[in-house]
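Observations on the model geometry
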Amino acid sequence: MKLELPRHNQLLLQAITTPSCLVQYTDIEWELLIRQARRVKLLGRLTLLLKEHHLWDTVPPRVANQLISGFVQAEKLQQLCSWELNRILWVLEDFDTHIIALKGIAYKLIDLPYAKGRLSVDLDLLVREADLADIESLLMIKGWKHRPISAYDEHYYRSWSHEIPPLVHTERETEVDIHHALIPVTTQLKIDTALLFDTAIPAAGHPKIKLLSPVDMVIHCAINLFQNNEIANDLRDLLDLHDLMTHFSQQDEDFWIQLTDRANQLKISHILFYGLYFSQLIFSTSIPEKTVTRLNSKPGKLKHRIMHRLVPLALFPQHPDHSLRSASWARRLLYLRSHLIRMPLYILLPHLIYKTIRRYL
Amino acid sequence: MMVNQIPFKEFHLLLNQGLRVAIGPFNVCIQTTYKPLAEQLYQLYRHYRTAQNEIAEFHVRIVTERSNKNPFEKNVRFLLDGQSPFESFPQAQALAALEWGINLAIAVRVSHLLLLHSAVVEKNNHVILFPAWPGSGKTTLCTVLSYRGFRLFSDEFGLMDPQQGTFYPIPRLMPLKNESIAVIRNYLPEITIGKSIPNTQKGTVAHACPPEESIQQSTLTAKAKWIFFPKWIADSTTKIETISDSEAFMLLASNAFNYEVLGAKGFQAVAYLIRTCNCYKLVYSDFEDVMATLQRLIDET
Amino acid sequence: MMYWHTEHFHTLLIEDWGDEYTVFQPDSGKTHFFNQISIQILIFLSQHPATIEQICTVLAKQFQQNPDKEFTQNIEKILHHFETLGLVKKRNQGNPHDG
């Protein structure tokens, strides 16, 4: 199956995959590119790509200023996340345990290429379930507070989610999301967090911090995209997946075998399938042919065809001036899908009704 | 091409498709089909240059929609790149919504420059900053100064290039609020002010046009030499008081929109300003009096 | 023994305004406003780790003050404030030059 994208999305994809083509972009194309890149948090990435390919001097000044602005903001948010982690480690200094750093901060700690330009708003951490209550109360003693949330949301987090309500220190703004699992507890899938800690690797220079093993990091990224989230405007996250797989497969020739083995072991191969499929379809990730065949379970043909149609329409940003109806529908369907796979119907229906009512109150 | 060189019909058509105007260092693409707004803009934006064939940094729209509360009433909504950062506004507030929206877009997006929250004017090639929070009367003071021998940079944004130390003019409509509308209509009867818009979040607002020359010269940058932290107090005589460098630093940094976003660059830029500028606290009420005081200070150095 | 030491002191940007100081801390992204005593504590600790007694002795001499209980308490207060800002850390150990 081929990838079919509207013209404006092609401008964005080309810029990321083949930056050399940017020298031919007209002012109108540059403008449309920047507006989309901002929407999907890729201004920092574009800045790095243009500099890496020695194209910075060819960028129209009005575009360059917007790219720099995007990069500066990404840098600032990363600094805030790193500092938040620093302060958390300070509080937990005498608490004997390990914490796994997830997502943006982890990509920074492993020096993933282009991590410098990545916009990460929140700090995501994974802790052992047994440590959760202690860590939460230690942080709250030292000034972290839960954002005021409704009783319903509190219940949602505590009973159904895989994280506690976000914590924010009273003197700062960075939101800390503390997870005790990678998947919401209402989902049929289960991944034992202890298994992740067993294979986690130390982070250089941070004795208390661990990182998911390379294969688990990839799997977590795929789970977030195709299991936990609604996919709308998540192009950056698929690019994360492409970056991670490219990076790790260059470091370890057995990476693909380890990846599929782990996905089979954790019983999430149908989720990894989508990760592999869309990363290759959109970013031409070089994945050995045999990799997909090693997966124990794959989505059926019809499901696959439907996802092939819907996912790119949702991942890529809408045209900022006139949105496509097909893309709006794709987003609505994927939103519904994301909830259906996360919650049984007896929880889901009241949940969606509550969210809909709240929106109109 | 200036807006006032275009017939209204054509202007209205451009607005339907997206009118691009140069506002200081930025181009803003404004799109609306709401005719009353087109009429207001045609009057108030008449000295601005159009930039139809240039890249625009900001793409904003004012769209009309049915009111949620009253199905027979229409509201307007501000959109930035198709996203809506505010609730909707009553139709009569379309211009205020547009102007606030553009300010918001500048404040949240621009990070290649230091953004001070400040009125800014220029005299003898030196920039004078009046950093202050809303309610300090900086827009009113700025309107008076810009029509009495000072060149207007902005009533709201001090846009500083952190490397060069220079300021960019960004003359925009000046939103006069409540009592100051009548004050300015009395004091400067010759200037163009849009019609009063009552019942906005900030009370009644009326937009004063920047002087034509200030808009024409809005590509000429300059460095700052004076910083006044202004405070309007009824019936007080004009008082200026020097303040310590450390206090000036704190006041200036805490009043910038993006000081912390710029990190070390922001710190160095503010330190540079404090080292190179004379910093004062300014209390005033009478325009003649405050202008005489400013003039005296400027002549002394 | 409890030793205090600075964290990444060399990364700080310090503007000296005569009697007062503005300090930018890249790690936190925060700007701090300090007086003479505060900045001297940081400078002293940046040279080598020190106990609260050592800090008080040196600073009392420098500022010609009596290193009495009140003085020590004030210094302690500043140190704990610095600790929450991530400017200094305390370490419990025998030899201050380890690590």
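Considering unusual backbone geometry
- Backbone geometry at A:Lys103 places phi at a positive 50°, although glycine is not the residue there.
- Take A:Lys103: it is sitting in helix H5 (residues 103-109).
- The residue B:Asn124 is not glycine, and still its phi comes out positive at about 50°.
- Among the secondary structure elements, B:Asn124 is positioned in the loop between strand E7 (114-123) and strand E8 (126-131).
- Judged by relative accessible area, B:Asn124 falls into the exposed class, the value being 53%.

Considering the interface of chain B and chain C
- The interface of chain B with chain C comprises 14 residues on the first partner and 11 residues on the second.
- Connecting chain B to chain C are 2 salt bridges.
- Between C:Glu15 and B:Arg275 there is a salt bridge, with the nearest N and O atoms lying 2.9 Å from each other.
- Linking chain B to chain C there are 3 residue pairs in polar contact (both at pLDDT 80 or more).
- Counting only elements with at least two residues in the side of chain B that touches chain C, the list comes to helix H7 (245-254) and helix H8 (264-276) of chain B.
- Counting residues per element, the side of chain B that touches chain C draws most heavily on H8(B), at 6 residues.

Some thoughts on the packing of aromatic side chains
- Applying the stated criterion across every chain, the model contains 31 aromatic pairs over all chains.
- Measuring from centroid to centroid gives 5.9 Å for B:Phe249 and C:Phe33, while their planes differ by 70°, and the two rings are edge-to-face. One end of the pair, B:Phe249, is in helix H7; the other, C:Phe33, is in strand E4 (residues 30-34), on a second chain.
- In this structure C:Phe33 comes out as partly exposed when scored by relative accessible area, which is 30%.

Some details on the packing of helix H9 (residues 214-228) of chain A against helix H10 (residues 235-251) of chain A
All names here are of chain A.
- Between H9 and H10, the least distance of the axes is 10 Å, while the angle of their chain directions is 165°. Compared by their axis directions, H9 and H10 come out roughly antiparallel. The handedness of the crossing between H9 and H10 is left-handed. Residue-level inspection shows Pro214, Met217, Val218, Cys221, Ala222, Leu225 and Phe226 of H9 in contact with H10, the latter providing Asp237, Leu238, Asp240, Leu241, Leu244, Met245 and Phe248.

Brief notes about the sheet that holds strand E3 (residues 21-25) of chain C
All names here are of chain C.
- Pairing is antiparallel across the open sheet formed by 3 strands, whose spatial order is E2-E3-E4. The outermost strands of the open sheet, each flanked by one partner alone, are strand E2 (13-16) and E4. Each strand axis lies, on average, 20° off the axis of its neighbour in the sheet, ignoring direction.
- Examined bridge by bridge, E3 and E4 share 5 bridges and lie antiparallel to one another. Paired with Phe24 across the two strands is Thr31, which belongs to E4.

Overview of the confidence of the model for chain C
- Looking at chain C as a whole, the pLDDT averages 92, with 94% of positions reaching at least 70.
- Model confidence for chain C, summarised as mean pLDDT per element, is weakest for strand E5 (residues 88-92) of chain C at 91 and strongest for E3(C) at 98.

Considerations on the sheet that holds strand E3 (residues 144-146) of chain A
All names here are of chain A.
- With mixed pairing, 7 strands are arranged side by side in an open sheet as E3-E4-E5-E2-E1-E7-E6. Of all the strands in the sheet, the pair left with one neighbour each is E3 and strand E6 (201-203). Neighbour-to-neighbour, the strand axes of the sheet open up by a mean angle of 40°, direction not taken into account.
- The pairing of strand E1 (residues 99-101) with strand E7 (residues 206-211) spans 3 bridges and is parallel. Pairing of Ile100 across the sheet is with Lys210, part of E7.

So, the pattern of salt bridges
- Tallied over the full model, the rule gives 30 salt bridges over all chains.
- Ionic pairing is found between B:Arg20 and A:Glu31, a salt bridge with its closest N-O pair at 2.7 Å. In this pair, B:Arg20 sits in strand E1 (residues 19-23) while A:Glu31 sits in helix H2 (residues 27-39), so the two residues belong to two different chains.
- With a shortest N-O distance of 3.7 Å, A:Asp240 and A:Arg236 are connected by a salt bridge. In this pair, A:Asp240 and A:Arg236 are both assigned in helix H10, 4 residues apart and thus about one turn of the helix distant.
- Residue classification places A:Asp240 among the buried residues on the basis of a relative accessible area of 5%.

Quick notes on the interface of chain B and chain A
- Residue-level contacts link 20 residues of chain B with 18 residues of chain A.
- Approximately 1700 Å² of surface area, both sides summed, lies buried where chain B meets chain A, with 45% of it carried by carbon and sulfur atoms.
- Applying the counting rule to chain B against chain A returns 5 salt bridges.
- A:Arg38 is paired through a salt bridge with B:Asp81; the nearest N and O atoms lie 3.6 Å apart.
- Looking at the side of chain B that touches chain A, its residues break down into 7 nonpolar, 6 polar and 7 charged.

Description of the environment of B:Glu87
- Relative to the assigned elements, B:Glu87 resides in the loop between strand E5 (74-80) and strand E6 (89-90).
- Residue class for B:Glu87 comes out exposed when judged on its relative accessible area of 65%.

A look at the side chain of C:Thr51
- Of note, C:Thr51 is situated in the loop between helix H1 (36-47) and helix H2 (52-62).
- Setting aside residues no more than four positions away along its own chain, C:Thr51 makes contact with C:Met1, C:Met2 and C:Tyr3.

Thoughts on the nonpolar core
- Core analysis: the largest hydrophobic core is formed by 113 residues, its most contacted members being A:Phe226, A:Leu235 and A:Leu259.
- A total of 10 residues in this core trace back to one element, the largest contributor, which is helix H12 (residues 269-283) of chain A.
- Setting aside its immediate chain neighbours within four residues, A:Leu259 contacts A:Val215, A:Val218, A:Ile219, A:Met245, A:Leu272 and A:Leu276.
- Formed by 46 residues, the second largest nonpolar core is a distinct cluster that contains B:Leu19, B:Val21, B:Ala38 and B:Ile102.

Topic: the packing of H9(A) against H12(A)
All names here are of chain A.
- Packing of H9 against H12 brings their axes to within 8 Å, and their N-to-C directions diverge by 90°. Classified by the angle their axes make, H9 and H12 are roughly perpendicular. Seen from H9, the contacting residues are Val218, Ala222, Ile223, Phe226 and Gln227; seen from H12, they are Ile271, Leu272, Tyr274, Gly275 and Phe278.
- The residue makeup of the contact of H9 with H12, split by class, is 8 nonpolar, 2 polar and no charged.

What to know about helix H7 (residues 151-160) of chain A
- Here H7(A) has its buried residues at A:Asp153, A:Tyr156 and A:Trp160. Buried residues of H7(A) fall within an arc of 80° about the axis and therefore sit on the same side.

Calculation rules
Residues numbered from 1 in each chain as written. Chains lettered and ligands numbered in written order. Predicted model: local features only at pLDDT ≥ 70, side-chain atom pairs only at ≥ 80, totals over all residues. Heavy atoms only, no water. Helix = DSSP H or I, 4+ residues; strand = E, 2+ residues; numbered from the N terminus. Buried < 20%, exposed > 50% of the residue type's maximum accessible area, 1.4 Å probe, protein only. Contact = heavy atoms within 4.5 Å. Salt bridge = Lys/Arg side-chain N within 4 Å of Asp/Glu carboxyl O. Polar contact = N/O pair within 3.5 Å; in protein donor to acceptor, adjacent residues only side chain to side chain. Phe/Tyr/Trp six-rings, centres within 6.5 Å; stacked < 30°, edge-to-face > 60°. Axes fitted to C-alpha atoms, helices over the stretch in contact; angles between N-to-C directions. Parallel < 35°, antiparallel > 145°, perpendicular 65-115°, else oblique. Left-handed = near helix turned anticlockwise from the far one by under 90°. Pairing = 2+ DSSP bridges. pLDDT = per-residue confidence, 0-100. Buried area = accessible area lost by both parts, 1.4 Å probe. Nonpolar A, V, L, I, M, F, W, Y, C, P; charged D, E, K, R; others polar. Core = buried A, V, L, I, M, F, W, Y, C linked by side-chain atoms within 4.5 Å. Arc of directions from axis to C-beta.

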